[in-house]
Amino acid sequence: MDEYDVVVVGAGGAGLRAAIEARERGARVAVICKSLFGKAHTVMAEGGIAASMGNANGSDDWQVHFRDTMRGGKFLNHPRMAELHAKEAPDRVWELETWGALFDRTADGRISQRNFGGHEYPRLAHVGDRTGLELIRTLQQKVVALQQADHRATGRKDPAGYESGLRIFQEYTVTRILKEGDRVSGVFGYVRESGEFFAIAAPAVVLATGGIGKSFKVTSNSWEYTGDGHALALLAGARLLNMEFVQFHPTGMVWPPSVKGILVTESVRGDGGVLRNSDGRRFMFDYVPDVFRPQYAETEEEADGWYADPAANRRPPELLPRDEVARAINSEVKAGRGTPHGGVYLDVSSRLPAEEIIRRLPSMHHQFRELADVDITKEPMEVGPTCHYVMGGVEVDPDTAASPAVPGLFAAGEVAGGMHGANRLGGNSLSDLLVFGRRAGLHAAAYATGLTERPAVAEEQLAAARAEALAPFGDGGEHPYALHQELQQTMNDLVGIIRRAGEVKQALERLAELRDRAARVGVEGHRQFNPGWHLALDLRNMLLVSECVARAALLRRESRGGHTREDWPAMDRDWRRSNLVCGLSGESVEVVRQPLPALRPDLLALFDRTELAKYFTPEELTDEHA
Ligand code: FAD
């Protein structure tokens with residue numbers, strides 16, 4: 001069996017940044033990814049990476065970024081994570097440049113920064129609307145540079161020389177984290193092409209597997225997002241927090257049906273695009289919540305003036321945080337003011353010259369022309385909400401990214417919880433990946449290399465993992481694709497953007513039924529590249545994670561960020577003090593309320609007291625300001 005110090009599961013932004021750090025700290029590192037190397041979801045990121053470099057507006061700094069992030073997350077963010085993220089993001093962007101990334105520039109040669117919803121200043125460093133691609137390309141290049149250094153150091157000419165410090169296992173899927181006692185001892189999984197099983201012994205595992213969107217029918221997420229890391233963590237004894245908070249991005253494509261859900265980047269609105277209903281009304285002015293009113297324009301004139309002169313005008317309401325815009329679109333469509341295909345119009349054609357649209361939004365221009373036969377330089381797009389991101393994830397220590405429950409387990413990126421609270425701001429994921437990916441790699445390496453005695457891989461665990469993976473080849477009659485479709489429909493219809501207790505209970509009943517049926521899932525053929533088998537194995541993860549989402553959604557009796565309860569429409573200050581934490585007891589998902597860490601007085605002092613009164617209870621403000 002191969003042995004490493006650190007296994008990183010996932011080769012997106014978080015996984016690669018973790019692997020680079022761990023390798024640079026002297027650990028031997030394996031990176032495992034279920035797609036081809038370079039194909040991770042991070043590649044799809046379009047708009048940019050949020051960091052308060054202050055290039056476009058000198059007033060920006062980490063404190064303003066921290067404030068925006070906490071406001072966006074409705075103060076449910078882990079404050080220490082939000083602080084570290086805001087402080088360290090600029091360094092991570094600079095570091096990418098030193099590794100070869102080339103961001104778009106301002107006229108005077110600095111890294112250009114664009115506007116995005118919920119960010120007070122233009123803050124997103126970007127490469128057109130293909131920022132994720134540049135990020136992954138740069139991290140891969142750094143991986144290769146490290147491998148070349150290892151090759152030189154070993155003096156070996158064969159692949160083993162290059163891979164002596166850092167090896168990538170592509171198209172491998174992890175299905176179990178192995179443990180000895182409480183501690184992590186390695187991972188088990190299968191090779192997608194051959195169907196063979198593999199196991200790697202390692203005392204530290206970093207989960208960087210991304211999100212859960214494939215449990216929902218309409219989603220911007222790719223096939224990889226089946227919640228594997230979330231489920232692997234749960235099954236290993238770790239806990240998930242904030243799983244009720246799922247972000248529905250306001251603007252996904254709605255037509256044609258084959259591309260429904262594909263993302264329309266927020267940069268379209270950041271660069272001047274406006275939302276209109278079928279009456280031609282710019283409806284977002286009708287949906288500015290009281291808490292945001294002071295910062296948002298009241299007239300179209302003021303909103304339009306903001307693009308040229310942000311000091312003299314307030315921001316357009318199209319740039320409210322995503323949860324607000326998604327709910328507004330949902331309401332307009334429900335009120336019968338939607339487009340023919342059940343969305344609203346997003347228009348940039350009447351706002352910018354055609355050449356400028358093509359320069360700033362090349363992927364969007366291409367995407368609509370190729371997929372919907374729409375020229376966005378001449379006509380509006382039709383858009384509607386799509387499941388995009390999960391705020392909930394593995395509970396981690398903010399400084400080390402370590403799971404407090406399972407020694408040797410770390411998590412970073414979308415699979416980790418806490419950073420974004422009830423709602424993530426656009427651009428804050430790419431920065432999160434780099435800040436916490438680096439921290440996870442650093443601490444995983446320190447943990448692994450500091451151990452005097454390593455946990456062993458037990459043969460019984462391997463045998464159990466093998467049996468579990470082979471179970472779908474039994475004589476079960478349930479079809480994995482049918483089960484997946486039913487799951488997606490259930491989550492979309494009953495635990496979607498607007499939730500009601502009765503419907504969520506119904507979803508839980510269906511999920512229990514689906515879990516029963518999934519135990520009898522059957523696949524045909526053999527183990528060589530067999531997508532039906534792969535899906536059958538992914539179903540365990542999607543069902544577990546969906547149950548966490550539904551159970552937490554039922555318990556949280558308020559509306560906040562990415563969780564909207566029609567039967568509890570208001571935000572409740574008492575609920576802000578609590579996270580909902582999911583764990584496994586036997587085979588059952590259990591959810592408990594856990595107090596949120598207090599906001600340090602110096603961080604609290606960054607906010608205006610009147611604003612805090614909307615989120616904090618009077619006792620909290622008295623105690624904490626005292
Ligand atoms: P990923 O990049 O998804 O990587 C996950 C990795 O885990 C993959 O390598 C996968 O193969 C591997 N994996 C998963 N399960 C297993 C398993 N069982 N075994 C082995 N490997 C496994 N955020 C921003 O900040 N700015 C943006 O502009 C932006 N634009 C976006 C546009 C789109 C269309 C989408 C969908 C998201 C966007 N986001 C953006 C969000 C952001 O891209 C993601 O949150 C982020 O890329 C997640 O990165 P990650 O490293 O956590 O995971």
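Procedures and definitions
- Residues numbered from 1 in each chain as written.
- Predicted model: local features only at pLDDT ≥ 70, side-chain atom pairs only at ≥ 80, totals over all residues.
- Heavy atoms only, no water.
- Near = heavy atom within 4 Å.
- Polar contact = N/O pair within 3.5 Å; in protein donor to acceptor, adjacent residues only side chain to side chain.
- Helix = DSSP H or I, 4+ residues; strand = E, 2+ residues; numbered from the N terminus.
- Nonpolar A, V, L, I, M, F, W, Y, C, P; charged D, E, K, R; others polar.
- UniProt positions renumbered as here; feature names shortened; annotations may be inferred.
- Contact = heavy atoms within 4.5 Å.
- Buried < 20%, exposed > 50% of the residue type's maximum accessible area, 1.4 Å probe, protein only.
- Pairing = 2+ DSSP bridges.
- Domains from an automatic or database assignment.
- Buried area = accessible area lost by both parts, 1.4 Å probe.
- Salt bridge = Lys/Arg side-chain N within 4 Å of Asp/Glu carboxyl O.

**Some details on the site of the ligand**
Residues in contact with the ligand amount to 40 residues; listed here are only the nearest, His41, Thr42, Gly47, Glu224 and Tyr225. The backbone of Glu46 places a nitrogen or oxygen atom 3.1 Å from a nitrogen atom of the ligand. Leu430 places a polar main-chain atom, nitrogen or oxygen, 2.8 Å from an oxygen atom of the ligand. Elements represented by at least two residues in the shell around the ligand include exactly helix 1 (13–24), strand 3 (29–33), strand 8 (172–180), strand 16 (381–390) and helix 12 (428–450). Element by element, the count of residues in the shell around the ligand is highest for helix 12, at four residues. The residue inventory of the shell around the ligand, partitioned by class, reads 16 nonpolar, 18 polar and six charged.

**So, the UniProt feature "active site" (unreviewed entry) in the protein**
As annotated in UniProt, the feature "active site" (unreviewed entry) corresponds to Arg322 in the numbering used here. Note on placement: Arg322 falls in helix 9 (residues 322–334). Excluding anything up to four places from it in sequence, Arg322 contacts Phe116, Gln247, Phe248, His249, Pro250, Glu266, His388, Asn423, Arg424 and Gly426.

**Focus: the pairing of strand 9 (residues 183–191)**
Within strand 9, eight of the nine residues are buried, which leaves it mostly tucked inside the rest of the structure. Two elements, strand 8 and strand 9, share eight bridges in a ladder whose sense is antiparallel. Bridge assignment links Arg176 to a residue of strand 9, and that residue is Phe188. Linking strand 8 back to strand 9 in an antiparallel pair, the connection comprises two residues, with Gly181 at a positive phi of about 60°. Judged from the five bridges that link them, strand 9 and strand 10 (residues 197–201) form a sheet pairing that is antiparallel. Note on strand 10: the bridge partner recorded for Gly186 is Ala201. Between strand 9 and strand 10, which follow one another and run antiparallel, lie five residues, and Gly195 among them has a positive phi close to 80°.

**Quick look at the domain arrangement of the protein**
With domains assigned, the protein is organised as domain 1 (2–245 + 391–449), domain 2 (251–387) and domain 3 (472–573). Centre-to-centre, using C-alpha coordinates, domain 2 lies 30 Å away from domain 3. Summed over both sides, the interface between domain 2 and domain 3 buries roughly 460 Å², with carbon and sulfur atoms accounting for 56% of that surface. Joining domain 2 to domain 3, the criterion identifies one salt bridge. In this structure, Lys334 engages Glu566 in a salt bridge whose closest nitrogen and oxygen atoms are separated by 3.6 Å. Summed over the shared surface of domain 2 and domain 3, the number is two residue pairs in polar contact (both at pLDDT 80 or more). Among the residues forming the side of domain 2 that touches domain 3, the class breakdown is two nonpolar, one polar and three charged.

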